[in-house]
Amino acid sequence: MSHGSTDEFGFNVAADPVHVHDLNATVLHLLGLDHERLTFKYQGRDFRLTDVHGKIVKPLSAQALAGAAAVPIFETLLTLILAKRVRPPTPNSQG
């Protein structure tokens, strides 16, 4: 799956640039989360992961939903996210 294009060296964006906030918003949308309501509290203020700039990239989400290859990618992404939440077992100090 690809979106946009670069110059012949792959250094600069030639067409359809996507900001990291837009990519985050699109991935969260595909996972079923509302990126505008997903916040975390820092120093007494609620912050959004996508800041105030994130917008869902419709062509990218349509490609992901249409392609069967997208399913393992998002399953892997979800597995990695959930793996960060689980603590590794601690060694038993009595044994």
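Since this is a predicted model, take the numbers as computed values, not measurements.

Observations regarding the overall build of the protein
Along its length, the protein carries 3 helices and 4 strands. Ordered by position from N to C terminus, the α and β elements of the protein give β-β-α-β-β-α-α. When burial is assessed residue by residue, the protein has 15% of its 95 residues classed as buried. Relative to all contacts within the protein whose residues are 6 or more apart in sequence, the contacts with residues 24 or more apart total 53%.

Regarding helix α1 (residues 20-30)
Of the residues making up α1, those classed as buried are His 21, Asp 22, Ala 25, Thr 26 and Leu 28. All buried residues of α1 project into a common sector of 165 degrees when viewed along the axis, lining one side. Count one or two residues on from α1 and you reach Gly 32, which has phi positive near 90 degrees.

Remarks on the environment of His 29
Structurally, the position occupied by His 29 is in helix α1. According to the relative accessible area criterion, His 29 is partly exposed, its value standing at 36%. Distance from His 29 to Ile 56, taken between C-alpha atoms, is 7.3 Å for residues 27 residues apart in sequence.

Quick notes on the pattern of salt bridges
Across all of its chains, the model carries 1 salt bridge by this definition. Salt-bridge contacts for Lys 41 lead to Asp 46; the nearest nitrogen and oxygen are separated by 3.6 Å.

Description of the packing of aromatic side chains
Tallying each qualifying case throughout the model produces 2 aromatic pairs. Each ring, one from Phe 40 and one from Phe 47, has its centre 5.9 Å from the other, and the planes form 25 degrees; the classification is stacked. On the accessibility criterion, Phe 40 (42% relative accessible area) is partly exposed. Accessibility expressed as a relative area gives 25% for Phe 47, which makes it partly exposed. Chaining the aromatic ring pairs together yields one cluster made of Phe 40, Tyr 42 and Phe 47.

As for the pairing of strand β3 (residues 39-42)
By the bridge criterion, 4 bridges tie β3 to strand β4 (residues 45-48) in an arrangement that is antiparallel. Bridge pairing in β4 links Phe 40 to Phe 47. Counting the residues that bridge the hairpin from β3 to β4 gives 2 residues, and of these Gln 43 lies at a positive phi of roughly 50 degrees.

Re the environment of Asp 46
Secondary-structure assignment places Asp 46 in strand β4. A residue is classified by how much of its surface remains accessible, and Asp 46, at 45% relative accessible area, is partly exposed. Not counting residues up to four positions away in its chain, the partners in contact with Asp 46 are Thr 39, Phe 40 and Lys 41.

Rules used throughout
- Residues numbered from 1 in each chain as written.
- Predicted model: local features only at pLDDT ≥ 70, side-chain atom pairs only at ≥ 80, totals over all residues.
- Heavy atoms only, no water.
- Helix = DSSP H or I, 4+ residues; strand = E, 2+ residues; numbered from the N terminus.
- Buried < 20%, exposed > 50% of the residue type's maximum accessible area, 1.4 Å probe, protein only.
- Contact = heavy atoms within 4.5 Å.
- Arc of directions from axis to C-beta.
- Salt bridge = Lys/Arg side-chain N within 4 Å of Asp/Glu carboxyl O.
- Phe/Tyr/Trp six-rings, centres within 6.5 Å; stacked < 30°, edge-to-face > 60°.
- Pairing = 2+ DSSP bridges.

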